[in-house]
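Examining the three-dimensional arrangement
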Amino acid sequence: MSYTTSANETFDMVALNVYGDCAYAYKLIAANPMYCHKLRFDGGEVLTVPELTDEDTATATLPPWKQGG
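Criteria and cut-off values
Residues numbered from 1 in each chain as written. Predicted model: local features only at pLDDT ≥ 70, side-chain atom pairs only at ≥ 80, totals over all residues. Heavy atoms only, no water. Core = buried A, V, L, I, M, F, W, Y, C linked by side-chain atoms within 4.5 Å. Buried < 20%, exposed > 50% of the residue type's maximum accessible area, 1.4 Å probe, protein only. Helix = DSSP H or I, 4+ residues; strand = E, 2+ residues; numbered from the N terminus. Contact = heavy atoms within 4.5 Å. Salt bridge = Lys/Arg side-chain N within 4 Å of Asp/Glu carboxyl O.

**So, the nonpolar core**
If you look at soluble globular proteins, the nonpolar side chains tend to sit buried side by side. If you look at the biggest cluster of nonpolar residues, it comprises twelve residues: Tyr3, Phe11, Val14, Ala15, Tyr19, Tyr24, Ala25, Leu28, Tyr35, Phe41, Leu47 and Val49. Of all the secondary-structure elements, those providing two or more residues to this core are helix H1 (11-19) and helix H2 (25-31). Residue contributions to this core peak at four residues, all from H1. When sequence neighbours within four positions are dropped, the list of residues in contact with Tyr19 reads Tyr24, Lys27, Leu28, Val49, Pro50 and Leu52.

**Notes on the environment of Ala30**
Relative to the elements of secondary structure, Ala30 occurs in helix H2. When the C-alpha atoms of Ala30 and Thr48 are compared, they prove to be 9.7 Å apart, with 18 residues separating the residues in sequence.

**A word on unusual backbone geometry**
Phi at Asn8 is positive, roughly 75°, even though this residue is not glycine. Relative to the elements of secondary structure, Asn8 occurs in the loop between strand E1 (2-4) and H1.

**A closer look at the pattern of salt bridges**
Here the structure, examined in full by the defined rule, presents two salt bridges. As a salt-bridge pair, Lys38 and Asp42 come within 2.9 Å of each other at their nearest N and O atoms. We note a salt bridge from Glu45 to Lys38, for which the minimum N-O separation is 3.5 Å. Lys38 carries the same exposure label as Glu45, and that label is buried. If you follow the salt bridges from partner to partner, you end up with Lys38, Asp42 and Glu45 in one network.

Next comes the structure, spelled out in C-alpha coordinates:
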(Lines give C-alpha, C1' and ligand atoms only; values in the text may rest on other atoms or scores of the structure.)
Protein backbone atom coordinates (compact mmCIF):
# COMPACT_ATOMS: atom_id res chain seq x y z
CA MET A 1 0.00 0.00 0.00
CA SER A 2 1.14 3.57 -0.54
CA TYR A 3 0.26 6.97 0.85
CA THR A 4 0.75 10.37 -0.75
CA THR A 5 1.66 13.04 1.77
CA SER A 6 0.14 16.48 2.15
CA ALA A 7 2.18 19.59 2.87
CA ASN A 8 3.40 19.85 6.47
CA GLU A 9 2.45 16.28 7.44
CA THR A 10 4.84 14.38 9.69
CA PHE A 11 5.51 10.66 10.00
CA ASP A 12 3.42 10.45 13.14
CA MET A 13 0.51 12.23 11.45
CA VAL A 14 0.69 9.78 8.54
CA ALA A 15 0.81 6.84 10.97
CA LEU A 16 -2.29 8.17 12.72
CA ASN A 17 -4.07 8.49 9.35
CA VAL A 18 -3.19 5.05 8.00
CA TYR A 19 -2.89 2.92 11.14
CA GLY A 20 -5.04 4.86 13.58
CA ASP A 21 -2.09 5.26 15.97
CA CYS A 22 0.90 7.60 15.76
CA ALA A 23 3.01 5.01 17.63
CA TYR A 24 3.53 3.20 14.32
CA ALA A 25 5.54 6.06 12.81
CA TYR A 26 8.68 3.93 13.25
CA LYS A 27 7.26 1.41 10.72
CA LEU A 28 6.82 4.16 8.13
CA ILE A 29 10.30 5.56 8.76
CA ALA A 30 11.88 2.11 8.40
CA ALA A 31 9.99 1.49 5.14
CA ASN A 32 10.91 4.90 3.70
CA PRO A 33 14.55 5.59 4.62
CA MET A 34 14.93 8.13 1.80
CA TYR A 35 12.65 10.47 3.77
CA CYS A 36 13.97 9.82 7.29
CA HIS A 37 15.63 13.26 7.35
CA LYS A 38 12.27 15.00 6.83
CA LEU A 39 10.62 16.65 9.81
CA ARG A 40 7.67 17.75 7.68
CA PHE A 41 6.77 16.66 4.18
CA ASP A 42 6.54 19.12 1.30
CA GLY A 43 3.49 17.29 -0.02
CA GLY A 44 3.29 14.81 -2.87
CA GLU A 45 5.86 12.35 -1.53
CA VAL A 46 4.65 8.80 -2.00
CA LEU A 47 5.37 6.62 1.01
CA THR A 48 5.41 2.85 1.21
CA VAL A 49 3.01 1.74 3.95
CA PRO A 50 3.90 -1.70 5.35
CA GLU A 51 1.23 -4.01 6.72
CA LEU A 52 1.09 -4.33 10.49
CA THR A 53 1.94 -7.76 11.82
CA ASP A 54 0.36 -9.53 14.78
CA GLU A 55 3.57 -8.80 16.69
CA ASP A 56 3.23 -5.07 15.97
CA THR A 57 -0.31 -4.93 17.28
CA ALA A 58 0.50 -7.08 20.33
CA THR A 59 3.29 -4.80 21.53
CA ALA A 60 1.61 -1.53 20.59
CA THR A 61 -0.22 -1.34 23.88
CA LEU A 62 2.91 -1.98 25.97
CA PRO A 63 5.12 0.90 27.08
CA PRO A 64 8.46 1.04 25.19
CA TRP A 65 10.50 -0.35 28.09
CA LYS A 66 8.36 -3.51 28.11
CA GLN A 67 8.38 -4.11 24.34
CA GLY A 68 11.74 -5.85 24.31
CA GLY A 69 14.32 -4.97 21.82
